[in-house]
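# Survey of secondary and tertiary structure
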Amino acid sequence: MSARLNSAQPYAIGLFRIVVGLLFACHGGASLFGVLGGATGGNGGTVPAGTWPGWYAAVIQLVAGALVLLGLGTRGAAFIASGSMAYAYFDVHQSAALWPIQNGGELSALFCWSFLLLVFTGSGAFGVDRLFASRPATEDQRSSQPVAA
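So, how was this worked out
- Residues numbered from 1 in each chain as written.
- Predicted model: local features only at pLDDT ≥ 70, side-chain atom pairs only at ≥ 80, totals over all residues.
- Heavy atoms only, no water.
- Axes fitted to C-alpha atoms, helices over the stretch in contact; angles between N-to-C directions.
- Helix = DSSP H or I, 4+ residues; strand = E, 2+ residues; numbered from the N terminus.
- Left-handed = near helix turned anticlockwise from the far one by under 90°.
- Contact = heavy atoms within 4.5 Å.
- Nonpolar A, V, L, I, M, F, W, Y, C, P; charged D, E, K, R; others polar.
- Parallel < 35°, antiparallel > 145°, perpendicular 65-115°, else oblique.
- Phe/Tyr/Trp six-rings, centres within 6.5 Å; stacked < 30°, edge-to-face > 60°.
- Buried < 20%, exposed > 50% of the residue type's maximum accessible area, 1.4 Å probe, protein only.
- Polar contact = N/O pair within 3.5 Å; in protein donor to acceptor, adjacent residues only side chain to side chain.
- Expected span 1.5 Å × (residues − 1).
- Arc of directions from axis to C-beta.
- Patch = residues over 30% accessible without salt bridge, like charges linked within 9 Å, V, L, I, M, F, W, Y side chains within 5 Å.
- Areas by Shrake-Rupley, 256 points an atom, 1.4 Å probe, with all protein chains shown as cover.
- Salt bridge = Lys/Arg side-chain N within 4 Å of Asp/Glu carboxyl O.

This part is about the packing of helix α2 (residues 54-70) against helix α3 (residues 74-93). Put simply, α2 and α3 touch, their axes get as near as 9 Å, and they point 145 degrees apart. Two packed elements cross with a definite hand, and for α2 against α3 that hand is left-handed. Residue-level inspection shows Ile60, Gln61, Ala64, Leu67 and Val68 of α2 in contact with α3, the latter providing Thr74, Ala77, Ala78, Ile80, Ala81, Ser84 and Met85. Residue classes in the contact of α2 with α3 are distributed as nine nonpolar, three polar and no charged.

Now the structure itself:
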């Protein structure tokens with residue numbers, strides 16, 4: 001049983017990455033463009049361009065979320081996304097109360113730790129990163145590499 005679960009691990013991580021990236025990108029899209037209910041409680045509002053930290057957070061959410069969703073530069077995008085959510089938790093939520101359930105920071109904490117996990121696991125299966133990593137070297141690349149004696 002354990003061996004079968006271990007062999008499915010890259011696929012589970014890949015699906016986890018896709019879902020987390022999609023949800024994060026949706027938050028960014030909602031804040032920037034007013035789609036999916038918008039940034040202000042479902043009334044279609046947007047975050048004013050250039051405002052700190054909301055607009056910058058939304059850009060990070062959209063871009064990093066899309067990159068994680070695709071599995072392109074997953075570790076770097078997840079690192080930036082995790083940091084932005086740590087900032088959101090400690091700067092926005094923590095001052096209201098100690099526990100996330102009390103200060104409304106559950107989503108920030110969950111995203112932060114989810115992205116931090118992806119920093120260490122990588123993209124798993126189904127990622128664009130895997131396409132580049134598994135490409136065989138072309139003839140030009142092979143001929144330009146030094147031959148070991």
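As a further point, take the packing of helix α1 (residues 2-33) against α2. At their nearest, the axes of α1 and α2 sit 7 Å apart, and the two run at 150 degrees to each other. In terms of orientation, α1 and α2 fall into the roughly antiparallel class. In the packing of α1 onto α2, the handedness of the crossing is left-handed. When α1 is examined against α2, the residues Arg17, Ile18, Gly21, Leu22, Phe24, Ala25, His27, Gly28, Gly29, Ser31, Leu32 and Phe33 are found in contact with a partner set consisting of Trp55, Ala58, Val59, Ile60, Gln61, Leu62, Ala64, Gly65, Ala66, Val68, Leu69 and Leu70. Considered class by class, the residues forming the contact of α1 with α2 number 16 nonpolar, seven polar and one charged.

Applying the stated criterion across every chain yields a total of eight aromatic pairs. Considering the side-chain rings of Tyr11 and Phe126, the 5.7 Å spacing of their centres and the 55 degrees angle between planes classify their relative orientation as tilted. In this pair, Tyr11 is assigned in helix α1 and Phe126 in the loop between α5 (106-121) and α6 (128-133), connecting sequence segments 115 residues apart. Overall, the relative accessible area of 46% leaves Tyr11 in the partly exposed class. Relative to Phe90, the ring of Tyr89 has its centre 5.2 Å away and its plane inclined at 85 degrees; by these criteria the two rings are edge-to-face. Connected via pairs of aromatic rings, a cluster forms that spans Trp52, Trp55, Tyr56 and Tyr87.

By the element assignment, Asn103 lies in helix α4 (residues 100-103). A relative accessible area of 8% means that Asn103 is categorised as buried. There is a polar contact of 2.9 Å between the side chain of Asn103 and the backbone oxygen of Ala97. Every residue in contact with Asn103, bar those within four places of it in the chain, is listed here: Tyr89, His93, Gln94, Ala96, Ala97 and Leu98.

Between its terminal C-alpha atoms α3 stretches 26 Å, which fits the 28 Å expected from 20 residues at 1.5 Å a residue. What α3 keeps buried is the set Thr74, Ala77, Ala78, Ala81, Ser82, Ser84, Met85, Ala88, Tyr89 and His93. Here the buried residues of α3 occupy an arc of 165 degrees about the axis, which is enough to place them on one side. Exposed residues lying more than 90 degrees from the buried face of α3 are Phe79 and Phe90.

Right, let's get into a nonpolar patch on the surface. On the surface, Tyr11, Leu15 and Phe126 cluster together into a nonpolar patch covering about 340 Å² of accessible area. Position of Leu15 relative to the elements: it lies in helix α1.

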